[in-house]
Each structure stands twice: as structure tokens, then as C-alpha cells.
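Commentary on secondary and tertiary structure
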Protein chains: 2
Amino acid sequence: MSEAEIARDFVRVLKSVLGDAQTQVPLHAPFFPGKEKAYLQDCLDSTFVSSVGQYVDRFERLIEEYTGAPHAVAVVNGTAALHAALVLAGVGPGDEVILPALTFVATANAVSYCGSVPHFADSDRLTLGLDPLRLGKHLEAVVEMRDGQPFNSETQRRIAAVVPVHVFGHSVDMDLLLEVCGSYGIPIVEDAAESLGTFYKGRHTGRLGLLGTLSFNGNKIITTGGGGAILTEDAELARRARHLTTTAKLPHAWKYEHDQVGFNYRMPNINAALGCGQMESLEQFVNNKRRLAERYCRAFGEIEGLECYVEPEFSESNYWLNAVLLNRASGDTLSSVRALRNKIIGSCADAGYMLRPVWNLLPTLPMYQDCPRMNLDCAQNLEARLLCLPSGPGLLAD
Amino acid sequence: MSEAEIARDFVRVLKSVLGDAQTQVPLHAPFFPGKEKAYLQDCLDSTFVSSVGQYVDRFERLIEEYTGAPHAVAVVNGTAALHAALVLAGVGPGDEVILPALTFVATANAVSYCGSVPHFADSDRLTLGLDPLRLGKHLEAVVEMRDGQPFNSETQRRIAAVVPVHVFGHSVDMDLLLEVCGSYGIPIVEDAAESLGTFYKGRHTGRLGLLGTLSFNGNKIITTGGGGAILTEDAELARRARHLTTTAKLPHAWKYEHDQVGFNYRMPNINAALGCGQMESLEQFVNNKRRLAERYCRAFGEIEGLECYVEPEFSESNYWLNAVLLNRASGDTLSSVRALRNKIIGSCADAGYMLRPVWNLLPTLPMYQDCPRMNLDCAQNLEARLLCLPSGPGLLAD
Ligand SMILES: Cc1ncc(COP(=O)(O)O)c(C=O)c1O
Ligand SMILES: Cc1ncc(COP(=O)(O)O)c(C=O)c1O
């Protein structure tokens, strides 16, 4: 088949799943089928719209109930959640933090905010996330223990944390990763920005490392406009997270005492009000997305060389973003696959369906070019071949 | 008069201005008399609740119109605005930044986020903000020019910026400050968090330095839940501010290219929708506050030893927070004044009126204890003597 034929087939299949595109079908539009408006009005009536308010507390409790995490701390966005979580995990200036090359730039930026350096790891074809086995081999080759602390023997920097990302809402194999990191005593901070609603062997993602972080950006499974949360099992870490994200102010009726360099990272009440409405629909959104994934898989199964990405057996995924892999011919080059990918994106856009490639690998960006990395073959392959499909939570809503 | 008598008088005067406190009169509650609810509903209906949306653009244009600044960039809060503005002004790791000892901790924290060190300056009794003349003398004593750059000869650090704060909405004497800083080539970033609605010799505060920043926190003259803005006269700085605060993403329909370590600092559309409603009432809020200031002054004028703080002649102030100074007896000590202050706060709280002292001086906080500073006599005096009065924009609304 020619590129043009594949692109035409692609449009046909999208039409069969999503119906005719009246207006542009976006990649992921928010959906507000519940009490969002009523909560926003009530929030205004209370005059508590800022970082103190009942909706913030309620939103945190709803997140805790849903995820099973004993502690959730709501913050302004997923990037802020990651930054604070890294600080709490002990990451500091001059350290090195391992994260996948294939993730949104915020994961690496949060590491930079700590004054530390990203160290890029390869992806796993099975999960799209960090590959624990290959990371294990890499660490064996580069880590040197000094005073009980793992150092990168090539850069002389301490390896202070590993940040797995549950890409598109599919869980990394956390048991394997915990084993690998545990043997060096490296703490794990999970970037679960995309995986609210995803469970690894029955446990919610973001609850398997020392700390986990969520995002409620406009393109996530639920949204608060902008928002994020820190999850932890540890009451003391939760207390410190709350403290660090509210300018480190000591509790007092009217004194202004702050005991460390803190952040203004707490979620405003008005954003939390929106979040409370959204949380009431989360189960429905996960169901819609899983249903959509099934339909995509059935429909794309017809096209030769296309492979629908399916959750690994240990992950009950939220299918935040549905994706297909372009496996075209066996001898294809990455640049020919990228050309096909771009052709498909263009044809679908013309037909009213918004598709997206995955992120540029982070070590290709100018500010992360010189960072340490392992061999990135799998990530490079995925970067060329992945194509994201419209996946909004309201797409199959009745 | 005894402490108890003064405190009783204080309560009596508050009652005469504010009426009986049915429930607790807060220091500064938000007020939503306009179209806030309608705009929030419309924002939800549009599904654009996150960082792209028409309300963000509209809010920025409203800020530009009101302040006269050619460019306003809306961000998540005033702290983020300051951080980004400092980065844009060229502040970096190892630099030193001059700011008043008497300000909210966020001003110093933003400096810390840049990896630079706060250098604390004294206040001016006339404005409550940075004292340009005494700063000038201090700089004469400590600055050494090297390759055309001003260095602190005691710490060997470059002095990269000066951050005046328009405390409680009263303008610093900017002409004097510009002269002092200009002679060393030190850029000014104005922390105008508290002074939306305040004009210095007819020009809006935040428009006199290289960059200025606003806050729309819940306790500010208008609120977006959480929010802030960067003001600048310079189109290129505005473009860079927008870029830096939106993860430094290069514009493209679907590619993920970022060219520097950026921030997720843009204001969500839903917060901007609230802000558009609030901006329509800003003029009314300023009038209410100025009227309240007059009434306070008349009423507190009766009490001996109390001095209502009044705007300096070059400042047309928003009177964000009204304040009185406890000038008790001429021989009083700072600790006796503090004791009186605390007694008054307690009595007023019992009667249903929430008062506040000003902030603890920043060099008294553990993380800023070892920072360079000039003599802080005036700031110490103000810290003991200032008492903030309930000042919400809705207090005198009819
Ligand atoms: C993997 C990943 N990490 C971090 C983030 C950052 O979250 P936010 O946009 O809420 O700051 C996102 C989403 O944007 C993400 O997809
Ligand atoms: C002087 C001053 N600077 C900075 C800030 C920080 O603003 P925000 O709370 O919006 O981060 C505030 C207000 O809280 C302030 O009063």
C-alpha cells in the first residue's frame, strides 16, 4: 500500500469509530457532564476561591478514596507536583535523576528546577514507559556505591531518584523497577500525570514509589483547569508536602513565620471545585476510554502494518491516550515511518480528526542535549512509530 | 492610657466605621458583584478551561487597558510572575538581588528560585517601601564596578536586580530609585503584587522598571483564585515571558519542540474568566478602598498616639490594606509596642474584627538569616508599629 492509501484507510477507520467529524474532533477535549457548574457557583458564593477552602479538602479526600492513597496534596499543576515531590525525595543541586527519554518535557524540567541533571533511560516496548530490566543493566555498568550512596561513576554525580512515567496511562512494571532501584537504595517518584484511573496489579499508579504525582491539566482524564496532586503513603511526607507547597508557613492565627524556602504551589479552591465535579465522573470516563480503546483496536486491526497499542497484563489502564504503532514493512527506516506518520496526521486533520505524534525525545532538545543517557533504541523506535488518536472522555458518552 | 483602654478605643472606632460585626469581619475577603458567575459558566460551556482560551487573552487585554502597560502576560500567581520576571531580567545562579526586608516572603523566595541570594534593604517611613536615598548610600559603600557590572565588594557577587515592593498599595518613590539604580546599570523588577490600581505620578505601578509583576491571590484587590501577571513595555520581553511561562514550546500544530528549561506558569482560562469579571469592578473597588481609608483616618485621628498611614503625594494609592502606626509614647520600646499591638489584635478578634501585624522581617527567618543586608532601623520600627485593618473591596459597597 502507498502512503496515500494507508492515510485514506486511516481516515475511513476513524470515521467508522467516531462518526463523521462535524467540526474538528480534538485529541482530548474536557467533558463536564456533572455538577461542575453548581460547585463553581457555590465556591463563589462562599467567597473562598483561593488556596484555602473546603473544595480543596474535599478534592483531596476524593482523590484519596479513588486511588486508595492515604494522602493526597492538591497543587497548581503536575509540574509543580513533580518539583515538590523531587525536593521531598531529597533531590538537590548537583544530583542526577533518571527518567525516560520518551516523556513530556515537564518531567525533565522538574529535575532542572532542583538544580539537578536528567539522566535519560530507554523505554519498554511492552509498556511505553521506562524499561526496568535494561535500566538495571545500565546501572550495573555505571553505578559506584560511595558511603552507601549510588554515584554515576562517569559524571561523579549522585543518582538521587528514578522517575518512571506511566505513558498514555499504561503502568510501568513497577515490581521489577522497585527491585532494581531497591538494590541501590534509589527512591522512586512516579510521574502518574497521565495515569489517574490506572492500576498496577490492583494498586493505583502513583502509590508504588516513595511519592507519586498526578496532573489535572486540560488534556488529562479529569481537569481542574490547571492542577496536580502529590500522593504518598507516608503521613510525615504528606505534612511536609503541604508545608513546602504553601510557602512553608508555620501555623499561627496571624504571625508570618516561614521556616524554609517554600513554594506557592497550592491549588486554588475554585480549581478544586471544578475537580470535585470531575471526580464524580471519573469512573465513567475510564469506562468510556476503555470502550473506545476496544473499538479502535477492532477497527484498526483491519489495516495491515498497524498495531493498536494494548495494555500490558499487569496494568489495568485508563487508556488516557489511545495509540497505534506504525509497523509497516520490516525493512522500513525510521525516517520513512516518520514521513508516513506525518502524512497520516495531515490527511486526518483535513478530514477533521486531530492526531498527534508522541513527544520529541528529550535528549534531542537543546537544553538536554548534553545530559547522560543510556542506549535509547527502543525509545527512538517508538518515537517514530507512535501515533495518538482522539481520546476525549466524552467521545463515546451517550 | 493603658493598653486595655487603647484596645477598647480601637474596637469602638472600628465599630463606628464598619458597623457591628455580625460574623467575623475578615482582613480582606474577595467580592464578586459582577459577571463572574456568567463568565465561569461560559468558560465551562466552551470546554476551554485550561491554559489556552479566550478569557486569558481578554484578561490580559483588560489589564493592559487599565494599567496602560503595552504588554501583560497572565500567570498562575504573583510568585511565579516574580520568578519569571527575574529570569527575564537576567538574574541567575550566584547573583545577588536587592529587595526590602519588609515584604511578603514570596519576594525573597522568587530570588532563591533563581539560585541567587537576597540582599535586604531598609524601608522608607514615607512609603513603607524601599528607601531609595538610603539604598543609594549603601550601594556607594558596597558596590564595586567590574567590567561595567556592579558587584558587592563584600560578598563578591554580582548585583543583578533591585526589586522594590509597593507595600500595601503605596508606591515607592520610583524616580529616585531609577536614578540610583541607573547609575550602576542595575535593572528594576517591580513587585506590584499589592498595587494594582496604584499610580506613581500618573503612571501605573509595575510600569516603571524593566518588568513589573501583579498578584491576583484571594487577598488581593481583585482575585482569580490564584493568579498573577507580568507587565512590560518591551514587546520582545513580553514574547519571551509568554514563551518561558508556557514550557518554552515552539509554535507548531503538533510538534513538541522546546528550546529552553521553561515553566508551566500560564494562567488557566477558568481563572482568567473569574478575573475578567473582577476587572469590570476594579475601579469601583479602588474607590471603595479610598473611601474606607478616609473614614478610617477620620475615626482613628481621635485616638492619641495612633497615626493613620496616608499615601505619599506622588502616589495615588489603591489602599489595598489600610494601616495605622502605633506611635504611643516617645520613649516606648519596640517590645512594648509589639505587646500593645498584640493586645489590640486580640481584643479586636474577640469583637469580631480581624487585624494583622505586618510580616516578620525576612532576615529574621531561618533561611534568610545569613543574607547580606544594610542597616534596617526603619523596617524594624515599622514592623513593630504597623497594624493592618480590615480592607476588603466589598466593605463599603452599597
Ligand atoms: C508525563 C507528564 N508529566 C508531567 C506533566 C505535567 O503536568 P502539568 O501540565 O499539569 O504541569 C504532564 C502533562 O502535561 C505529563 O503528561
Ligand atoms: C508583596 C508581595 N509579593 C509577592 C506576592 C506573591 O503573590 P502570590 O500570592 O500571588 O504568589 C504577594 C502576595 O501574596 C505579595 O504581597
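Going along each chain's sequence as written, the residues are numbered from 1 onward. Think of it this way: whatever chain is written first is A, whatever ligand is written first is 1, and the rest follow in order. Given that the model is predicted, a residue must reach a pLDDT of at least 70 before its local features are reported, and side-chain atom pairs must reach 80 or more before they are shown or counted; all residues, however, enter totals for whole chains, interfaces and linings. Values reported for side chains reflect all heavy atoms of the structure, with hydrogen atoms and water molecules removed beforehand.

For the rest of this paragraph, the subject is the nonpolar core. In plain words, nonpolar cores are sets of buried Ala, Val, Leu, Ile, Met, Phe, Trp, Tyr and Cys residues tied together by side-chain atoms within 4.5 Å. When a residue's accessible area, from a 1.4 Å probe over protein chains only, is under 20% of the maximum for its type it is buried; when over 50% it is exposed; and in between it is partly exposed. Counting residues in each nonpolar core, the largest one holds 221 residues, and the members touching the most others are Phe59(A), Leu86(A), Phe168(A), Phe59(B), Leu86(B) and Phe168(B). When checking whether two residues touch, look at their non-hydrogen atoms; a contact exists if any pair is within 4.5 Å. In this structure Phe168(B) touches Leu128(B), Glu194(B), Asn318(B), Tyr319(B), Trp320(B), Leu321(B), Ala323(B), Val358(B), Trp359(B), Leu386(B) and Cys388(B), once residues within four positions along its chain are discounted.

As a further point, take the UniProt feature "modified residue: N6-(pyridoxal phosphate)lysine" (unreviewed entry) in chain A. Residue and element names in this part refer to chain A. UniProt positions are given in the numbering used here, feature names are shortened, and annotations may be inferred rather than shown by experiment. UniProt tags Lys220 as "modified residue: N6-(pyridoxal phosphate)lysine" (unreviewed entry). We count a stretch as a helix when DSSP gives it H or I for four or more residues in a row; a strand needs E for two or more, and each element gets its number in order from the N terminus. Summarising the element assignment, Lys220 is placed in the loop between strand 10 (211-215) and strand 11 (228-232). Classification of Lys220 by relative accessible area gives buried; the value is 10%. Ignoring any residue separated from it by four or fewer positions in sequence, one finds Lys220 in contact with His28, Ala193, Glu194, Ser215 and Trp320.

Glancing now at the site of ligand 1. Taken together, 16 residues form the shell around ligand 1, and within it Thr79(A), Asp191(A), Glu194(A), Lys220(A) and Asn264(B) come nearest. We call a residue near a molecule or strand as soon as one heavy atom of that residue lies within 4 Å of the molecule or strand. The residues that come close to ligand 1 belong to more than one chain, namely chains A and B. Gly78(A) is positioned such that a nitrogen or oxygen atom in its backbone is 2.7 Å from an oxygen atom of ligand 1. Any pair of N or O atoms that falls within 3.5 Å is considered a polar contact. Within protein, one atom must be able to donate a hydrogen and the other to accept it, and sequence-neighbouring residues count only if both atoms are side-chain atoms. Between ligand 1 and Asp191(A) there is a distance of 2.7 Å, counted from a nitrogen atom to a side-chain nitrogen or oxygen. Surface accessibility in these figures is a Shrake-Rupley result with a 1.4 Å probe; residues are shielded only by whichever protein chains are displayed. Here ligand 1, which alone exposes 380 Å², has 96% of that area covered by the protein. Of all the secondary-structure elements, those providing two or more residues to the shell around ligand 1 are helix 4 (78-88) and helix 5 (105-113) of chain A. Three residue categories are used. Nonpolar comprises Ala, Val, Leu, Ile, Met, Phe, Trp, Tyr, Cys and Pro, charged comprises Asp, Glu, Lys and Arg, and polar comprises the others, including Gly. Of the residues in the shell around ligand 1, the class split is four nonpolar, nine polar and three charged.

The next point concerns the interface of chain A and chain B. Interface size, as often reported, equals the accessible area lost upon joining of the parts. Counting residues at the interface gives 52 residues for chain A and 52 residues for chain B. With both sides pooled, the region where chain A packs onto chain B buries about 4600 Å², and carbon together with sulfur makes up 64% of that total. In what follows, salt bridge is the name for a side-chain nitrogen of Lys or Arg lying within 4 Å of a carboxyl oxygen of Asp or Glu. Where chain A packs against chain B, one counts two salt bridges. Note that Asp45(B) is salt-bridged to Lys37(A), the shortest N-O span being 2.6 Å. Viewed at the interface, chain B and chain A are joined by 21 residue pairs in polar contact (both at pLDDT 80 or more). Mapped by element, the contributors of at least two residues to the side of chain A that touches chain B are helix 2 (36-46), helix 5, helix 9 (269-279), helix 11 (334-350) and strand 15 (356-357) of chain A. Looking at which element gives the most residues to the side of chain A that touches chain B, the answer is helix 2 of chain A, with six residues. Looking at the side of chain A that touches chain B, its residues break down into 24 nonpolar, 21 polar and seven charged. Using a 1.4 Å probe, buried area is obtained as the accessible area two parts lose upon being combined, added over both of them.

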